[in-house]
Amino acid sequence: MQNIVRAILEYVNETRQLEALPSSTENTFYPAIKTLISAILREGRLPFQVRVNTSETNAKARDMPDFVLGDDKMFVGVYGEVKRPSTSLEDLSVSTEQNDQIGRYLAQTGVVLISNVRSFGLLACIAGYDRPVTGSVPPEKRVLIKTVDVWSGVTGAGPHAKVDDAAVADLLEIFERSVTDYAPLADPSSLAKVLARQARDAKDQLPGDLKAVKPLLDDYRQALGLSFDIDDEKGDRFFRSSLVQTAFYSLFAAWVLWDKSKEEERLKAIAEGRPVPVQTHFEIDDAHSYLPIPFLDALLHDIRHPKRLKALGLEDHLARAIATLNRVNRPLFRARMTFPTIDEQTTAAAITYFYEPFLEAFDPKLRDDLGVWYTPPEIVRYQVRRVHHILKTELNLPRGLADPDVVVLDPCCGTGAYLLEVARCIADEAKADGDESAIGLELSRAFHERVIGFEILTAPFAVAQLQLYLLLDSLGAKPDPDRRLTIFLTNSLSGWRDNGDVKLTFPEMREEFDASQEVKRNAKIIVVIGNPPYDAFAGAAQAEEAELVAHYKGVELIDDIDSKTKQVKRNEFGNPKKKQRGQSALYFDYGVRKQLLDDLYIRFFRMAEERIGEVAKFGIVSYISNSSYLTGRSHPIMRKSLLSNFHSVWIDNLNGDKYKTGKLIPEGLPGAGTSDQSAFSTDMDARGIQPGTAIITLVKRAEAKTEPTATAVHYRDFWGLANAKRAALVAALPAGVGNSSSPYDPVTPTRENRWRLSPTMIEGGYEAWPALDELFPTFYQGVEPSRGLSGTVIDTDKRELTQRIQHYLGANNFDEAISLNPAFAEKYSRYDARKEWDSVRKIGFAGSKIVENLLFPFDQRYLYYEVSGKWLNESRPEFDKNLRGNEFFVTVPEPRKLSESRPVFSSTLTNRHVHERGSAIFPREVQEGFSAERYANLSEAVWRALGMHFGLTEPTDTARRLLF
């Protein structure tokens, strides 16, 4: 927000000076206006650009708008008109000057931004008015919806100038509403961003209590095996998002097919010489007529139940979305909206805007939590084509993926990229057989029977279904409405062993659940391929996931028996509860006390290993994932298990690891010291992925299992820029597809090298080092006041803070206390202002509780450190116990930013978010039990080793203190 405040201050200062010049004209203000609007568009992440004075492109142009908001293809979404400060916005809004210029602009787009330099206004048509296609909108049909006086919103001058918060909010709202609620749209990315903002508004305005749809959400949770419910913070966030996305994506998918149908009707009428049908508007009831996904259609129907719609407050938001779809310039949009085709494709189709970028604008935190990343098409092509080739050459299936017995599963199919590339392979085989006419029929059979996608999120599920529907339709094989495509909304990590006792109320949920379970029970899968989520996501059924990961931990799980009833305990899904028996083999065999096996991709590996390595007679697994398992200290059992269940392994290490190499090519390699990007860095998202990534291809033949040392492991590295890596991958496809310029090197995993799948340890032994919490066993998080940075418990001035707390706690009653210090009445999580005031007032003020507090690096403040009750959001009494005269090492458990990867040293109280998010505080000394003395914060093994080094033969308490 600071950027927009700065832009307003600069704008007001500059335009006031220009207005004072006798030589200034209307055009004089254009550069300042352009700079301000550009800042507003950036701040609001609005999908348009600003062009000021169309004479920039045609110096002789007359009667042209003073500025427009549009896209880079010269499409105009919003017209803008500017006059001098002497003209009022009210007069400008009804102006008919220059052949009713403003009326004509309004007729073309339905919205005009007007300005008299000092103020801005949003002008539209009155509600219910059907504006003419040509001509102009008369003054009586116009409405000035909102205005803001920017000049008056700035007070003071020079460095002391301030901008009124209300003026900032009004200015941003005017521009946002002009784009989000009124402007016509033509570009897919623009529509995706606008719909995402509207969906976000719908989610944010859902009621706090979701009881109106609790049965529906309970079904959703049960069917997907989600461990949390709507009473959890994560569960609430996930379900709110799923609810809104279901509605918005259902509308979007139906609208796409409605538009396609209307265009086909129009073209057919022209071809037959009949009158062209009158253009109609898309209505919400059309969604049920044109939505080809029965499951989503039924869900939308349930959400639209009058009782639920009213309780959720979604009716206006759905109407807003439909109005947005109806202001799309459909011919232009249709020309720009590309879907994947059966022909070879190396660039992303426009449909991709309706998932990852949509989710980024809709809920970026949820996007990060779910690990949603667009897989570049070159990577998808490489994996699928390599599997296709291996099926032919290694597994004796001459038609590869086109063989009718090859059952393929993408367990996290997203928007369907891998499934579409499988379709291209099948089509290529049909062409090679000289049977192009049968492509549609063969693909229809494949996507109804054996090419399977699982997805846990409704948004990508909808997009995948839509893409495959349109692909088959384009090939003359429109899916049969009575037969479903084999794309299922389900949890890939559960349901393979035991269905438990899942009780579902809604028929569509039961049908989807039963259909996915039928596949898990009976499909003879021989290919598992995809890009599994990387991070630990607490959404899936923990009991069954624990069984998956337990294998790689070397943990034996047994049924948990109730001591009284002697019956097996069962979880909320009806599955047996498990408990560990004996010691972990990971610790016993490899000395790994604290493992790092909770990342979600690890569970997907085990699921794939079970399906192919243990259940199937033969098959292939191809994953691109976090590469930490190749040499990770926590992963020896995982690596040995994979080597035991597969006969051949190929590894394409794409590197690009922030944590191991800093995304730089290491010394000793060509290009050392230059950029080593993530292979996921694209023009759409330049950030890429922070950890390194690798593609692994595991092949099981119809042969007896061999010892892990007998498994052939082939390895190669890719370094450098993302585009070059992806191009090298495609060029390195097997003979007949590409020319390999990067040969594999053999790798020999053994027990002695912990079954490592890489010939080198680029991280220099990092994974073999003990973790900080293994060296220093006592640590805690920092103190979190959650009371803002002024007016309550924190201040830069110790005296002011002392007086404030004294006055607050010394008041005669709570009302008097709050009148003196209103900031203390702000509501925070689990904080009851009156209750805490009563509690702390009884304890009384103590000057010793005002302590120095490291808020951010180099930002030391004072905090009234009261550890009782909820005076602070998180007070950490254990920190207080070890605070005085101590020193602290502060770091972040899993740093993702440069600022987080650098530790901080402190001798004072430390804020929990000193690194921008949760920090771990390691004290130099700790007080144990009831003893008043503090001892070195060292683990038993560490201080014994140091004691021996310094000749302290007896590890007594005295020796421990002396050692420290």
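Counting from 1, residues in each chain are numbered in the order their sequence is written. Thresholds applied to this predicted model are a pLDDT of at least 70 for local features of residues and 80 or more for the giving and counting of side-chain atom pairs; totals over whole chains, interfaces and linings are not thresholded and use all residues. For the side-chain quantities, the full set of heavy atoms in the structure was used; hydrogens and water were omitted.

Asker: How do you make sense of the overall build of the chain when you look at a structure like this?
Answerer: Runs of H or I in DSSP of at least four residues are treated as helices and runs of E of at least two as strands, each being numbered from the N terminus. For the chain, the count of helices and strands is 32 helices and 29 strands. The globule rule puts the C-alpha radius of gyration for 964 residues at 30 Å, and the 32 Å found for the chain is close to it. Its C-alpha atoms give the chain principal-axis dimensions of roughly 95 × 90 × 65 Å. A fraction of 72% describes how many contacts in the chain between residues 6 or more apart in sequence connect residues 24 or more apart. Our radius of gyration is a C-alpha quantity, and the globule rule it is checked against amounts to 2.2 Å times the number of residues to the power 0.38. The contact criterion used throughout is that any non-hydrogen atoms of two residues lie within 4.5 Å.

Asker: Even after reading the chapter, I still don't get the environment of His-301, so can you show me in this structure?
Answerer: Here His-301 is to be found in helix H10 (residues 294–303). Burial classes follow relative accessibility: with a 1.4 Å probe on protein chains only, a residue under 20% of its type's maximum area counts as buried, one over 50% as exposed, and anything between as partly exposed. Note on His-301: relative accessible area 52%, which makes it exposed. Placed 14 residues apart in sequence, His-301 and Ala-287 show a C-alpha to C-alpha distance of 9.6 Å.

Asker: Would you take a moment to explain the packing of helix H1 (residues 2–20) against helix H5 (residues 165–182) for this structure?
Answerer: If you want to describe how two helices pack, look at the angle between their axes and the distance between the axes. Interhelical geometry of H1 versus H5 gives an angle of 95° and a closest axis separation of 11 Å. Comparing the axis directions of H1 and H5 gives the class roughly perpendicular. In this structure, H1 uses Ile-4, Val-5 and Ile-8 to contact H5, whose residues at the interface are Val-168, Leu-171 and Leu-172. Asp, Glu, Lys and Arg are counted as charged, while Ala, Val, Leu, Ile, Met, Phe, Trp, Tyr, Cys and Pro are counted as nonpolar; the rest, among them Gly, fall into the polar class. The residue inventory of the contact of H1 with H5, partitioned by class, reads six nonpolar, no polar and no charged. Think of each axis as a best-fit line through the C-alpha atoms, taken over the contacting stretch in the case of a helix, with angles from 0 to 180 degrees between the N-to-C directions. For this classification, under 35 degrees means roughly parallel, over 145 means roughly antiparallel, 65 to 115 means roughly perpendicular, and everything else is oblique.

Asker: Looking at this structure, how should I read the confidence of the model for the chain?
Answerer: Detailed reading of predicted coordinates is not advised where the pLDDT is low. Scored between 0 and 100, pLDDT is the confidence that the predictor attaches to each residue. Per-chain confidence: the chain averages 86 in pLDDT, with 90% of residues scoring 70 or above. Ignoring residues within four places in sequence, the model shows residues 55–62, a span with pLDDT below 50, making two contacts including any to other chains.

Asker: Whenever I open this one, the sheet that holds strand E22 (residues 850–856) confuses me. Can you help?
Answerer: Within a sheet, adjacent strands bond to each other through the backbone by hydrogen bonds, running parallel or antiparallel. At least two DSSP bridges between two strands are required for those strands to pair. Taken in spatial order, the four strands of this open sheet run E21-E23-E22-E26, and their pairing is mixed. Each edge of the sheet is formed by a strand with only one pairing partner; in this case those strands are strand E21 (794–795) and strand E26 (909–910). As judged from the six bridges shared by E22 and strand E23 (residues 859–864), these two strands associate in the antiparallel manner. Its bridge partner being in E23, Glu-852 is matched across the sheet by Tyr-862. Contacts between helix H27 (residues 798–810) and the sheet are confined to E21, E22 and E23, with E23 contributing the most and set at about 20° to the helix.

Asker: Explanation requested: the pattern of salt bridges in the structure shown.
Answerer: When the charged atoms of two side chains lie near each other, side chains of opposite charge can form a pair. Think of a salt bridge as a Lys or Arg side-chain nitrogen and an Asp or Glu carboxyl oxygen that are within 4 Å of each other. Across all of its chains, the model carries 55 salt bridges by this definition. The closest approach of N and O atoms between Arg-399 and Glu-442, which form a salt bridge, is 3.1 Å. Pair noted here: Arg-399 is in the loop between helix H16 (377–393) and strand E9 (407–410) and Glu-442 is in helix H18 (residues 439–449), with a separation of 43 residues, a long-range link. Judged by relative accessible area, which is 24%, Arg-399 ranks as partly exposed. With relative accessibility at 16%, the residue Glu-442 sits in the buried group. Glu-609 is the partner of Arg-606 in a salt bridge, and the nearest nitrogen-oxygen pair spans 3.3 Å. Within this pair, Arg-606 and its partner Glu-609 are both found in helix H23 (residues 600–615), separated by three residues, close to a single helical turn. Among the charged side chains, a salt-bridge network with shared partners connects Lys-146, Asp-170, Glu-173, Arg-177, Asp-181, Asp-201 and Arg-320.

Asker: Any chance you could explain helix H25 (residues 722–731) here in plain terms?
Answerer: Along H25, the residues classified as buried are Ala-722, Lys-725, Arg-726, Leu-729 and Val-730. All buried residues of H25 project into a common sector of 135° when viewed along the axis, lining one side. Packing partners of the buried residues in H25 comprise H16, strand E16 (648–655) and strand E17 (693–700). Here, the arc refers to the directions that run from the helix axis to the C-beta atoms.

Asker: In this structure, what is going on with the packing of aromatic side chains? I would like to understand it.
Answerer: How two aromatic rings sit relative to each other is set out by the distance from centre to centre and by the angle between their planes. In this analysis, rings of Phe, Tyr and Trp, with Trp reduced to its six-membered ring, are considered paired at centre separations within 6.5 Å, and the interplanar angle assigns stacked below 30 degrees, edge-to-face beyond 60, and tilted for intermediate values. The final tally for this structure, using the stated rule, is 31 aromatic pairs. Aromatic pair Phe-845 and Tyr-864: ring centres 5.5 Å apart, planes at 10°, arrangement stacked. Of the two residues, Phe-845 is situated in the loop between helix H29 (833–843) and E22 and Tyr-864 in strand E23; the sequence distance between them amounts to 19 residues. Taking relative accessible area as the criterion, Phe-845 reaches 29% and is therefore assigned partly exposed. Take Tyr-864: its relative accessible area is 0%, and that puts it in the buried class.

Asker: Just to check I follow, could you spell out the sheet that holds E17 for this structure?
Answerer: Within the open sheet, the nine strands sit side by side as E11-E10-E9-E12-E15-E17-E16-E18-E19. Their pairing is mixed. The sheet is open, and its two borders are formed by strand E11 (487–489) and strand E19 (745–747), each paired with just one other strand. Mean inter-strand twist for the sheet, computed between neighbouring axes without regard to direction, equals 20°. Contacts between helix H17 (residues 417–432) and the sheet are confined to E9, strand E10 (451–455), E11, strand E12 (525–530) and strand E15 (619–626), with E10 contributing the most and set at about 175° to the helix. Strands in contact with H23 are E12, E15 and E17; relative to E15, the strand with the most contacts, it is inclined by about 175°.

Asker: I'm lost on a nonpolar patch on the surface in this one. Help?
Answerer: On the surface, Leu-267, Ile-270 and Val-276 cluster together into a nonpolar patch covering about 250 Å² of accessible area. When you line up the elements, Val-276 lands in the loop between helix H8 (233–271) and helix H9 (284–290). Put simply, a patch holds well-exposed residues, over 30% relative accessible area, that have no salt bridge, with like charges counted together within 9 Å and Val, Leu, Ile, Met, Phe, Trp or Tyr side chains within 5 Å. Residue burial considers only the protein chains on display, and all accessible areas are found by Shrake-Rupley using a 1.4 Å probe.

Asker: Help me out: how do you make sense of the packing of helix H7 (residues 214–224) against H8 in this one?
Answerer: For the pair H7 and H8, interaxial distance at closest approach is 11 Å and the crossing angle is 105°. Of the possible angle classes, the one that applies to H7 and H8 is roughly perpendicular. From H7, Leu-216, Leu-217, Tyr-220 and Arg-221 reach across to H8, where they touch Phe-238, Phe-239, Ser-242 and Leu-243. In terms of residue class, the contact of H7 with H8 is built from six nonpolar, one polar and one charged.

Asker: Would you explain H7 in this entry?
Answerer: What sets the pattern is the α-helix's 3.6 residues per turn: residues three or four places apart point alike. Counting buried positions over the 11 residues of H7 gives eight, a clear majority of the element. If you check which residues of H7 are buried, you get Leu-216, Leu-217, Asp-219, Tyr-220, Arg-221, Gln-222, Ala-223 and Leu-224. In this structure, the buried side of H7 is in contact with H8, H10, helix H19 (458–474), E11 and helix H20 (507–522).

Asker: In this structure, what is going on with the side chain of Gln-198? I would like to understand it.
Answerer: Of note, Gln-198 is situated in helix H6 (residues 188–204). Judged by relative accessible area, which is 1%, Gln-198 ranks as buried. Polar side-chain contacts of Gln-198 include one of 2.9 Å to the backbone oxygen of Thr-180. What Gln-198 contacts, discounting residues up to four positions off in sequence, is Thr-180, Asp-181, Phe-248, His-317, Arg-320, Ala-321, Thr-324 and Arg-327. Contacts described as polar in this section are N or O atom pairs within 3.5 Å, which, within protein, must combine one atom able to donate a hydrogen with one able to accept it, while residues neighboring in sequence count only if both atoms come from side chains.

Asker: What should I look at first to understand the state of the cysteines in this one?
Answerer: Working definition: the covalent bond between the sulfur atoms of two cysteines is a disulfide. Cysteine sulfur pairs qualify as disulfides if the two atoms are within 2.5 Å. Scanning the entire structure with this criterion turns up zero disulfides. Cysteine Cys-412 is unpaired, with the sulfur of Cys-413 as its nearest cysteine sulfur at 8.0 Å.

Asker: What is the right way to read unusual backbone geometry from this model?
Answerer: Trans peptide bonds make up most of the peptide bonds, and negative phi angles are found at most residues other than glycine. Backbone geometry places Arg-754, a non-glycine residue, at a positive phi of 60°. Here Arg-754 is to be found in the loop between E19 and helix H26 (772–775). Judged by its relative accessible area of 18%, Arg-754 falls in the buried class. Not every positive phi belongs to a glycine, and Arg-876 is a case in point at roughly 50°. Inspection of the secondary structure assignment puts Arg-876 in the loop between E23 and helix H30 (877–881).

Asker: I keep staring at the side chain of Lys-663 and nothing clicks. Help me out?
Answerer: If you trace the backbone, Lys-663 turns up in the loop between E16 and E17. In this tally, Asp and Glu contribute negative charge and Lys and Arg positive charge; neither His nor the terminal groups of the chain are included. It is Asp-657 that comes nearest to the buried, bridge-free Lys-663 among opposite-charge side chains, at 7.0 Å. There is a polar contact of 2.9 Å between the side chain of Lys-663 and the backbone oxygen of Ile-689. Contact partners of Lys-663, with chain neighbours within four places excluded, come to Gly-656, Asp-657, Lys-658, Thr-674, Ser-675, Asp-676, Ser-678, Ile-689 and Gln-690.

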